[in-house]
Amino acid sequence: MRTIQFREAICEAMSEEMRRDESVYLMGEEVAEYNGAYKASKGMLDEFGPKRVIDTPIAELGFAGIAVGSAMNGCRPIVEYMTFNFSLVGIDQIINNAAKMRQMSAGQFPMPMVFRGPTASAGQLGATHSQAFENWFANTPGLKVVVPSNVYDAKGLLKAAIRDNDPVIFMESEQMYGDKGEVPEGDYIIPLGVADVKREGTDVTIVSFGKIIKEAYAAAEELAKEGISCEIIDLRTVRPMDYDCIINSVKKTNRLVVLEEAWPFASVASEITYMVQERAFDYLDAPIQRITTADTPAPYSPTLLKEWLPNSNDVVKAVKKVMYK
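Residues numbered from 1 in each chain as written. Predicted model: local features only at pLDDT ≥ 70, side-chain atom pairs only at ≥ 80, totals over all residues. Heavy atoms only, no water.

**Re the domain arrangement of the chain**
Basically, it comes down to this: Note: domain ranges come from an automatic or database domain assignment. Working rule for contacts: check all heavy atoms of both residues, and any pair within 4.5 Å makes them a contact. In this description, buried area is defined as the sum, over both parts, of the accessible area (probe of 1.4 Å) that is lost when the two are combined. We define a salt bridge as a contact between a side-chain nitrogen of Lys or Arg and a carboxyl oxygen of Asp or Glu at a distance within 4 Å.
Looking at the chain, the domain boundaries give domain 1 (2-183) and domain 2 (196-323). The distance between the C-alpha centroids of domain 1 and domain 2 comes to 27 Å. Contact with domain 1, which involves 29 residues of that partner, is made by 27 residues of domain 2. Carbon and sulfur atoms make up 56% of the surface buried where domain 1 meets domain 2, a total of about 2,200 Å² over both sides. Our count for the domain 1 to domain 2 interface comes out at three salt bridges. Measuring nitrogen to oxygen at the nearest pair gives 2.5 Å for the salt bridge that ties Lys 214 to Asp 179.

Rendered as structure tokens:
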């Protein structure tokens, strides 16, 4: 096992898949000459050349459309958005073309493509650069949505996403690119749609994904000091969602807390809550608790931003609430 950064895991995944399959290519703003806005494509231009690592204009609608057309013609594009906030400029191509083309063509056009880049808040970047879009894209039939929380998962999931024959939204975090983790030397794939139990527990299930899951880990350590055993599930893939993993855990612990870095209305937590009450209502010993950002645009003030974001104290309070403590 090697210890590498999150950005290096992303770069390795793309590079390995481009060596394996000549139809895979990368395009986006500053991915080539600048080695990527977050240095996640460092060295790829030197290895693969300007025909497979392509700098684009600041025109997300345009290069998202190019990716859709090239996927219909046998290529496997990887599109990098400098942030998913900018994907809104190209969302027509993602929602109306990439997600629907396979069905509308009666399966004649598989759409093997990956849209990747950072999601959610990355500090004081203002309301328009601090939005989480997992639930937006997961609401769309035809799209798969992946949100890794660590280095190992990021590489295995991205390789699986690149090989998938459907469009995949692959969401990272600007605050995780420098994170370090162990990654094996050889090739490995993590299947899409499979959640991972990161911590075994018996008293309460905590479901989360992406960088915010770190707050669940911190809370679980604090709660363990009080004799409360938390089971933590990392969704990894928001769509397709591994409902069975969640349901089986709830049947064991009888309590559920969902932690998410997004607005509360129509959130991923809302979907999980519905499915658990439908399939495991009789196993619940307390109402499900969800923890989200405040239901406002992200503030710029560091003091307000701290209050706006979920934290480990929020998780501790929610767990104690479902434990009636």
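Still to come is the rest of the account.
**What about the UniProt feature "domain: Transketolase-like pyrimidine-binding" (unreviewed entry) in the chain?**
Rules: UniProt positions are given in the numbering used here, feature names are shortened, and annotations may be inferred rather than shown by experiment. Secondary structure counts use DSSP, requiring at least four H or I residues in a row for a helix and at least two E residues in a row for a strand, with both numbered from the N terminus.
UniProt annotation of "domain: Transketolase-like pyrimidine-binding" (unreviewed entry) refers to residues 4-179 when read in the numbering used here. Helix makes up 36% of residues 4-179 and strand 16%, whereas the separation of the span's terminal C-alpha atoms amounts to 8 Å.

**Section: the nonpolar core**
Definition in use: Put simply, buried Ala, Val, Leu, Ile, Met, Phe, Trp, Tyr and Cys residues joined by side-chain atoms within 4.5 Å make one nonpolar core. For every residue, the accessible area obtained with a 1.4 Å probe (protein chains only) is divided by the maximum for its type, and the residue is called buried under 20%, exposed over 50%, and partly exposed between those limits.
Counting residues in hydrophobic clusters, the biggest one holds 46 residues, and the most contacted among them are Phe 115, Phe 137, Ile 169, Ile 272 and Val 276. When contributions to this core are tallied by element, the ones reaching two or more residues are β2 (24-28), α3 (60-72), α4 (91-98), α6 (134-138), β7 (168-172), α9 (243-253), β13 (256-259) and α10 (268-280). Both of domain 1 (2-183) and domain 2 (196-323) provide at least three residues apiece to this core. Other than its neighbours up to four places away in sequence, Phe 137 contacts Phe 84, Ser 87, Ile 91, Ile 94, Ile 95, Leu 143, Val 145, Ile 169 and Met 171.

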